[in-house]
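# Chains, contacts and geometry: an overview
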Amino acid sequence: WEAVLPSRVELGVDELHVFLSHWVEKSRVRVQERWQRIVMAAMKQAKRGIKPTIQVWPGVADLPFAQTDRRIVLDVSGPSEVLERTPAGASVFAVVGGEKGLQEGELDFLRREGFHPLSLGSSILRAHTAATVIAGILSHRRHRAETKSE
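The shown structure was predicted, so the numbers you read here are calculated from the model rather than taken from an experiment.

### Regarding the pattern of salt bridges
Applying the stated criterion across every chain yields a total of six salt bridges. Glutamate 81 is the partner of arginine 85 in a salt bridge, and the nearest nitrogen-oxygen pair spans 3.6 Å. The salt bridge involving arginine 126 is made with glutamate 99; its shortest N-O contact spans 4.0 Å. With arginine 126 in the loop between strand S5 (116–118) and helix H4 (127–148) and glutamate 99 in the loop between strand S4 (92–95) and helix H3 (104–112), this residue pair connects regions lying 27 residues apart in the sequence. The network of salt bridges with common partners includes Asp14, Arg48 and Arg142.

Okay, here's the thing in structure tokens:
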């Protein structure tokens, strides 16, 4: 997960929420201090003045997605046009599973909470690749919305 932090900062992600899925070892929670150092170095490199927040949650049900306009979960079996139906400038909460994916119970919970499955194509992407792709797409959408309003 640490390898993806710099690119999230460079792409302008405001908040990073990590949840401890069934597959994640609970002992890895104590690395937030190291994550903060990585974020600070990426901010300096990208000349970004706004520091994204990083929060760790016990599970997917604890994620703070209530105040977002669009909720998506990456799923290779989902449709690809979910973001096309999302208004420009809308806040988006995207969930990306780990290397082993999300458990069926986690997916069921997200669907019940209004998350829309989104496919990034027919290839199965590594978690860090999928997270980079969705962050890039959302960054581009936000940039387009901001430049249209100027």
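### Considerations on a nonpolar patch on the surface
There is a patch of nonpolar side chains on the surface, built from Leu120, Leu125, Val133 and Ile137 and spanning about 250 Å² of accessible area. Along the chain, valine 133 turns up in helix H4. Under the relative-accessibility criterion, valine 133 is labelled partly exposed at 31%.

### As for the packing of aromatic side chains
Throughout the structure, instances matching the rule amount to four aromatic pairs. Here the aromatic rings of phenylalanine 65 and phenylalanine 93 are separated by 6.1 Å at their centres, their planes lie at 75°, and the arrangement is edge-to-face. Of this pair, phenylalanine 65 sits in the loop between strand S2 (53–57) and strand S3 (70–74) while phenylalanine 93 sits in strand S4, and the two are 28 residues apart along the sequence. Here phenylalanine 93 falls in the buried class, since its relative accessible area comes to 9%. Seen in terms of ring centroids, phenylalanine 93 and phenylalanine 115 are 6.2 Å apart; in terms of plane orientation they differ by 85°. Their pairing is edge-to-face. With phenylalanine 93 in strand S4 and phenylalanine 115 in the loop between H3 and S5, this residue pair connects regions lying 22 residues apart in the sequence. The same class applies to phenylalanine 93 and to phenylalanine 115, which are both buried. Grouping aromatic residues by their ring pairs yields a cluster made of Phe65, Phe93, Phe109 and Phe115.

What counts, and at which threshold
- Residues numbered from 1 in each chain as written.
- Predicted model: local features only at pLDDT ≥ 70, side-chain atom pairs only at ≥ 80, totals over all residues.
- Heavy atoms only, no water.
- Salt bridge = Lys/Arg side-chain N within 4 Å of Asp/Glu carboxyl O.
- Helix = DSSP H or I, 4+ residues; strand = E, 2+ residues; numbered from the N terminus.
- Patch = residues over 30% accessible without salt bridge, like charges linked within 9 Å, V, L, I, M, F, W, Y side chains within 5 Å.
- Areas by Shrake-Rupley, 256 points an atom, 1.4 Å probe, with all protein chains shown as cover.
- Buried < 20%, exposed > 50% of the residue type's maximum accessible area, 1.4 Å probe, protein only.
- Phe/Tyr/Trp six-rings, centres within 6.5 Å; stacked < 30°, edge-to-face > 60°.

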